[in-house]
Amino acid sequence: MSRSSRTLNRMLLALLGTAWLALGAVVVLWHVRPDLVHAALSPVAATAASVDWTIVATAAGAALVLLAAVHGATRGRGRSGDAVADHGIAVDKHAVRDLYRLELGSMPDVLDVDVQPWWARRGRPAWRIALHVRHGARLDEVVERAATAAERTQQRLGAQVPILIHVSGGLRAAVATTRRAD
Amino acid sequence: MTPQPSPQAGAPAPDARELRRLERRELHRSRSLSASIALWLTALAVAAVAALLLLDRTGTTVPGATLPGSAEIASLAGGAGAVGIAIGAAAGLVGLAMLILALAPGRRSRRALQREGVAIVADDAVLASAISRAAALASRAPVDRTRTTLGRTSAEVALRPPSGFATDTAAADEAARALIEALRPRPTVRVVVREERDA
């Protein structure tokens, strides 16, 4: 979870995909039916001949490399090591996690808990709580207690932020042994 | 301590819209990596053509290598040849792959559980194993011989009791339904329980 814009990524992909597809189609068509392409491009042939394509390609290449570098460097931002509590006091995310674990109490179905605060768009804070549970966990009970514990943790810290809880199995659940008599 | 919004963060109470947004981001894949790869691919392709044109214009030669010049680049678009068609087709396929990545829904195998105040997302595997367990316990079938296949709006529970043992399919169905009602997944899941016997 980060604050990267998903819409921007999709728009970039759609734009570049259309450009590549169009370029590929024109090149293939040029080889298969050159007369068609010549006829279609004849109105712009005079302009195209007067353009210095070396300069255009160099400028476009430099701009695209710069854009790619900026795009790559600005992805995945927004994660924070601290959660903001009452009166703007920063609390380390591990302290928040320990408090959350305390509120959750002893639950054999829950293998691991992690709290990740992050700054969403427009500087709004949010928390993502990851719960790793066993295979065949009593999901209704886990969800009930996880949500209650999240609310209580917020109350104790005096924070009021949107919380997302992700209940997952994963590798730890696959290797964990059953500690319960079914 | 009374709960109150922190003055510095200026956070309003978590409204339903914000929670839905978080939930949506968690349910769908991010295209950050694919968008970055697509951008770099395009940038390097354009930069390579520009470099070849520049080398050709300045008359620079690289010792031990014959680089294609402006004539070759122009003939790729103009002249006839299988290489040109292959390159054009490859570019088209790259474009198609990018378009599919951009337009496909990109769902992850997770689903939202509706609850007031927080956004909860559970992996499909976790939900399926929870349904299996609930159905198995209610029908007295062994948990490890119960399998749940989770579709987008349906859950198919297959009970495979050992030969000579009876199972209570109705009870399994009821328990699985009760679990779904308690969890309230979105979209909701229809439960079908059936019994499989070894041939």
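For clarity, every value in this text was computed on a predicted model and none was experimentally measured. (Residues numbered from 1 in each chain as written. Chains lettered and ligands numbered in written order. Predicted model: local features only at pLDDT ≥ 70, side-chain atom pairs only at ≥ 80, totals over all residues.)

Caption draft 1: Summary view of the overall build of chain B. Scanning chain B for helices and strands turns up six helices and six strands. Secondary structure elements in chain B, listed N-terminal to C-terminal, are α-α-α-α-β-β-α-β-β-α-β-β. Per-residue burial for chain B yields a buried fraction of 34% across its 199 residues. For chain B, the proportion of contacts with a sequence separation of at least 24, taken over those separated by at least 6, is 56%. (Helix = DSSP H or I, 4+ residues; strand = E, 2+ residues; numbered from the N terminus. Buried ≥ 20, exposed ≤ 12 C-beta atoms within 10 Å, placed from the backbone. Contact = placed C-beta atoms within 7 Å.)

Caption draft 2: Expanded view of the nonpolar core. Formed by 59 residues in total, the largest nonpolar core has its most connected members in I165 of chain A together with I120, I131, A135 and A176 of chain B. The leading source of residues in this core is helix α5 (residues 124-139) of chain B, at nine residues. Non-local contacts of I131 of chain B, meaning those with residues more than four positions away in its chain, are made with T148, A155, V157, A176 and L179 of chain B. Counting residues in hydrophobic clusters, the runner-up holds 22 residues, among them W30 and A57 of chain A together with A50 and L101 of chain B. (Core = buried A, V, L, I, M, F, W, Y, C linked by C-beta atoms within 7 Å.)

Caption draft 3: The packing of helix α6 (residues 139-157) of chain A against helix α6 (residues 169-183) of chain B, seen in detail. Relative to each other, α6 of chain A and α6 of chain B sit at 15 degrees, their axes nearing to 9 Å. Taken together, α6 of chain A and α6 of chain B sit at an angle that is classed as roughly parallel. As for how α6 of chain A packs across α6 of chain B, the hand of that crossing is left-handed. Touching L139, D140 and V143 of chain A of α6 of chain A are L179, A182 and L183 of chain B, all from α6 of chain B. Looking at the contact of α6 of chain A with α6 of chain B residue by residue, the class counts come to five nonpolar, no polar and one charged. (Axes fitted to C-alpha atoms, helices over the stretch in contact; angles between N-to-C directions. Parallel < 35°, antiparallel > 145°, perpendicular 65-115°, else oblique. Left-handed = near helix turned anticlockwise from the far one by under 90°. Nonpolar A, V, L, I, M, F, W, Y, C, P; charged D, E, K, R; others polar.)

Caption draft 4: Representation of the interface of chain B and chain A within the structure. The interface is formed by 75 residues belonging to chain B together with 69 residues belonging to chain A. Secondary-structure elements contributing two or more residues to the side of chain B that touches chain A are α1 (16-27), α2 (32-58), α3 (70-78), α4 (82-103), β2 (119-123), α5 and α6 of chain B. When residues of the side of chain B that touches chain A are assigned to their parent elements, the largest contribution, 16 residues, is made by α2 of chain B.

Caption draft 5: Broad picture of the sheet that holds strand β6 (residues 190-195) of chain B. All names here are of chain B. Spatially, β3-β4-β6 is the arrangement adopted by the three strands of the open sheet, whose pairing is mixed. What marks the edges here is a single partner per strand, and that holds for β3 (146-150) and β6. Averaged over all pairs of adjacent strands, the angle between their axes in this sheet comes to 20 degrees, without regard to strand direction. Pairing of strand β4 (residues 154-159) with β6 involves six bridges; the strand directions are parallel. From the neighbouring strand, A155 faces β6, where its bridge partner is V191. Together, β3, β4 and β6 form the strand contacts of α5, whose direction differs from that of β3 by roughly 140 degrees. (Pairing = 2+ DSSP bridges.)

Caption draft 6: The arrangement of the environment of H166 of chain A in detail. Mapped onto the fold, H166 of chain A is located in strand β5 (residues 163-168). A residue is classified by how many C-beta atoms lie within 10 Å of it, and H166 of chain A, with 22 of them, is buried. H166 of chain A sits 118 residues away from A48 of chain A along the chain, and the two C-alpha atoms are 55 Å apart. Beyond its immediate sequence surroundings of up to four residues, H166 of chain A is in contact with R128, A130 and L131 of chain A together with E26 and V121 of chain B.

Caption draft 7: Region of interest: the domain arrangement of chain A. Under the domain assignment used here, chain A contains domain 1 (6-73) and domain 2 (82-175). A C-alpha centroid distance of 47 Å is found between domain 1 of chain A and domain 2 of chain A. (Domains from an automatic or database assignment.)

Caption draft 8: Expanded view of the sheet that holds β2 of chain B. Strand order in the open sheet made by the six strands is β3(A)-β4(A)-β5(A)-β2(B)-β1(B)-β5(B), with mixed pairing throughout. Looking at strand neighbours, the two that pair on one side only are β3 (110-119) of chain A together with β5 (185-186) of chain B, the edges of this open sheet. Summarising the sheet, strand β4 (residues 125-133) of chain A and β5 of chain A pair through six bridges and their orientation is parallel. Within β5 of chain A, the residue paired with A130 of chain A across the bridge is H166 of chain A. Those strands touched by α1 of chain B are β4 and β5 of chain A together with β1 (110-113) and β2 of chain B, and its axis lies near 15 degrees from that of β2 of chain B.

Caption draft 9: Geometry of the pairing of β3 of chain A. Residues and elements named next belong to chain A. In this sheet, β4 lies alongside β3 in antiparallel orientation, the contact comprising nine bridges. Its bridge partner lying in β4, W118 is registered against A126. Adjacent in sequence and paired antiparallel, β3 and β4 are bridged by five residues, among which R122 carries a positive phi angle near 55 degrees.

Caption draft 10: Structural view of helix α4 (residues 53-73) of chain A. End to end, α4 of chain A covers 30 Å across 21 residues, agreeing with the expected 30 Å (1.5 Å per residue, within 8%). Taken together, the buried positions of α4 of chain A are occupied by A57, G61, L64, A68 and H71 of chain A. Projected onto a plane normal to the axis of α4 of chain A, the buried residues spread over an arc of 100 degrees and lie on a single side. Seen from the open side of α4 of chain A, the exposed residues pointing more than 90 degrees away from its buried face are A59, L66, V70 and A73 of chain A. Contact partners of the buried residues in α4 of chain A: α2 of chain B. (Expected span 1.5 Å × (residues − 1). Arc of directions from axis to C-beta.)

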